[in-house]
Amino acid sequence: MISKKAKYALKALKVLAEQYGKGPVLISYIAEKEKIPKKFLEAILLDLRNNGVLQSQKGKGGGYLLRVPPAEVNFSKVLRIIDGPIAPALCVSMFFYGKCDDCKDEETCSLRTVLERWRDANLAVLDKTTLSDLLQAESTASTDILS
């Protein structure tokens, strides 16, 4: 499962994707719209800014905005920034590799093969899913409710 922090990050990014090209968005607006505690949201947005997903503007008319178009921000990048490794075990992690303490030999570990397939299946979805897809999914859901 993803953390509550990651879920909040994706919700906040959805709001920023909706406002893409319209200027900075206030933290208070995002917090209220998505029901995210403001202090928690501040830390999340700072992580995303420090990792190149967002930029911030200070002063009157300031706030946060996406640094790149919504179609260029995929879920795997966001989840790695917020939660760390996507892989189910460090020994199969692409960016956070670590040797398992209880493994005698990675090359002959049958569990590792299954965990690699698990990782690859998740990444097949997360690498290809962007904030644009999230906006499209919300739009489709709204249309279905009105039908």
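Residues numbered from 1 in each chain as written. Predicted model: local features only at pLDDT ≥ 70, side-chain atom pairs only at ≥ 80, totals over all residues. Heavy atoms only, no water.

1. Topic: the nonpolar core
Counting residues in hydrophobic clusters, the biggest one holds 32 residues, and the most contacted among them are L13, L16, L45, L48 and L54. Of all the secondary-structure elements, those providing two or more residues to this core are α1 (4-18), α2 (27-34), α3 (38-50), β2 (63-66), α4 (75-83) and α5 (110-126). The next biggest cluster of nonpolar side chains, apart from the first, holds five residues, and it includes A87, A89, C91 and V92. (Core = buried A, V, L, I, M, F, W, Y, C linked by side-chain atoms within 4.5 Å. Buried < 20%, exposed > 50% of the residue type's maximum accessible area, 1.4 Å probe, protein only. Helix = DSSP H or I, 4+ residues; strand = E, 2+ residues; numbered from the N terminus.)

2. So, the environment of L79
Summarising the element assignment, L79 is placed in helix α4. For L79, a relative accessible area of 7% corresponds to the buried category. Along the primary structure L79 and A6 are separated by 73 residues, whereas in three dimensions their C-alpha atoms are 6.1 Å apart. Once residues lying within four places of it in the same chain are set aside, the contact partners of L79 are I2, A6, L10, G84, I86 and L126. (Contact = heavy atoms within 4.5 Å.)

3. Quick notes on a nonpolar patch on the surface
Among the surface-exposed residues, L90, M94, F95 and F96 lie close enough to one another that they form a single nonpolar patch of about 430 Å² accessible area. Position of F95 among the secondary structure elements: in the loop between α4 and α5. (Patch = residues over 30% accessible without salt bridge, like charges linked within 9 Å, V, L, I, M, F, W, Y side chains within 5 Å. Areas by Shrake-Rupley, 256 points an atom, 1.4 Å probe, with all protein chains shown as cover. Salt bridge = Lys/Arg side-chain N within 4 Å of Asp/Glu carboxyl O.)

4. Description of the packing of α1 against α2
Running from N to C, α1 and α2 point in directions that differ by 115 degrees, and their axes come no closer than 10 Å. Crossing handedness for the pair α1 and α2: right-handed. In contact with K11, A12, K14, V15, L16 and E18 of α1, α2 contributes Y29, I30, K33 and E34. Tallied by class, the residues present in the contact of α1 with α2 amount to five nonpolar, no polar and five charged. (Axes fitted to C-alpha atoms, helices over the stretch in contact; angles between N-to-C directions. Left-handed = near helix turned anticlockwise from the far one by under 90°. Nonpolar A, V, L, I, M, F, W, Y, C, P; charged D, E, K, R; others polar.)

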